[in-house]
Amino acid sequence: MPTVLRHLLAVLLLPVVVAVVAPILLRTAPGDSHWTLDGVPRFLARASGAGLIGIGVALFAWCVALFARVGRGTLAPWDPTRRLVAVGPYRLTRNPMITGVALALAGQALFWGSRRIALWAAGFVLVNHAYFLLLEEPGLRRRFGSEYETYQTGVPRWLPRIRRRS
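These notes cover the structure that comes with them.

Before going further, it helps to spend a moment on the packing of aromatic side chains. Enumeration over the complete set of coordinates arrives at five aromatic pairs. Here the aromatic rings of phenylalanine 132 and tryptophan 158 are separated by 5.5 Å at their centres, their planes lie at 75°, and the arrangement is edge-to-face. A residue pair is termed long-range when its members are at least 10 positions apart, and phenylalanine 132 in helix H5 (residues 115-144) and tryptophan 158 in the segment after helix H6 (146-154) qualify at 26 residues. Using a relative accessible area of 8% as the deciding quantity, one classes phenylalanine 132 as buried. A relative accessible area of 22% means that tryptophan 158 is categorised as partly exposed. Through successive ring pairs, a cluster of aromatic residues spans Tyr131, Phe132 and Trp158. One Lys or Arg, arginine 27, reaches over the ring of tryptophan 112 and ends 3.4 Å from the middle of that ring. Directly above the aromatic system of phenylalanine 111 lies the positively charged group of arginine 46, at a separation of 3.9 Å from the ring centroid.

Set out below in structure tokens:
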């Protein structure tokens, strides 16, 4: 299968369903409770939400490009990278792609004022945390051995370390 098609299939089946289709369904389903803001608070919530969506999508796209160029694979578990990706945002955190999707979901929750999307975002983070602990990280240790163990020791799972300059 051509490389572009492999990546498109992986993106459409995974993050597009999670970050586009599900939020649309949640937002349009009857009974979604929204917080109501007016004036400046509403503007700030929507502007913050739009900013988070933009940052999340950009981070996600950067990670997909790195998976293709450096890792020689896709984000899909059935077509994983062939090389460990430890450049770009992966120097700061081991899972920036998931962070990008979570930021986009949090941004949608803020932008639309949707409690359901906020809960969906929280659930997405929790499910991915469990998945990474139980399946992804053991699989990466098996595939990449000591290279991954060294990387894992030096780079935090979710949040970058804040380093003081002396």
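Let's shift gears to unusual backbone geometry. A positive phi angle, near 55°, is found at arginine 72, a position not held by glycine. Examined against the element boundaries, arginine 72 turns out to sit in the loop between helix H3 (39-69) and helix H4 (96-112). We classify arginine 72 as partly exposed; its relative accessible area is 43%.

On to the pattern of salt bridges, then. A full pass over the atoms with the stated rule returns three salt bridges. Of the charged contacts in the structure, one is a salt bridge between aspartate 79 and arginine 82, with a shortest N-O distance of 3.3 Å. The residue arginine 157 makes a salt bridge to glutamate 137 at a minimum N-O spacing of 2.8 Å. Residue arginine 157 is found in the segment after H6, and its partner glutamate 137 is found in helix H5; the two are separated by 20 residues along the sequence. Note on arginine 157: relative accessible area 22%, which makes it partly exposed. Overall, glutamate 137 belongs to the buried group, its relative accessible area being 3%. Via salt bridges that share partners, Arg94, Glu137 and Arg157 belong to a single interconnected network.

Counting residues in each nonpolar core, the largest one holds 27 residues, and the members touching the most others are Phe60, Leu75, Tyr90 and Met97. Of all the elements in the fold, those that place two or more residues in this core are helix H1 (3-13), H3, H4, H5 and H6. With six residues, the single largest contributor to this core is H3. Those residues in contact with leucine 75 that lie beyond four places of it in its chain are Ala10, Val11, Leu14, Pro15, Phe60, Val64, Phe67 and Met97.

Here we come to the environment of alanine 22. Residue position: alanine 22 is located in helix H2 (residues 15-28). The exposure class of alanine 22 is buried, given its relative accessible area of 13%. When the C-alpha atoms of alanine 22 and threonine 74 are compared, they prove to be 22 Å apart, with 52 residues separating the residues in sequence. If sequence neighbours within four positions are ignored, alanine 22 has contacts with Val17 and Trp120.

With that settled, the discussion passes to H6. If you check which residues of H6 are buried, you get Tyr148, Tyr151 and Gln152. Buried residues of H6 fall within an arc of 100° about the axis and therefore sit on the same side. Among the exposed residues of H6, those pointing more than 90 degrees away from its buried face are Ser146, Thr150 and Thr153. The elements touched by buried residues of H6 are H5.

Rules behind the numbers
Residues numbered from 1 in each chain as written. Predicted model: local features only at pLDDT ≥ 70, side-chain atom pairs only at ≥ 80, totals over all residues. Heavy atoms only, no water. Phe/Tyr/Trp six-rings, centres within 6.5 Å; stacked < 30°, edge-to-face > 60°. Helix = DSSP H or I, 4+ residues; strand = E, 2+ residues; numbered from the N terminus. Buried < 20%, exposed > 50% of the residue type's maximum accessible area, 1.4 Å probe, protein only. Lys NZ or Arg CZ within 6 Å of the ring centre and 35° of its normal. Salt bridge = Lys/Arg side-chain N within 4 Å of Asp/Glu carboxyl O. Core = buried A, V, L, I, M, F, W, Y, C linked by side-chain atoms within 4.5 Å. Contact = heavy atoms within 4.5 Å. Arc of directions from axis to C-beta.

By themselves, these observations are geometric and do not establish any function.
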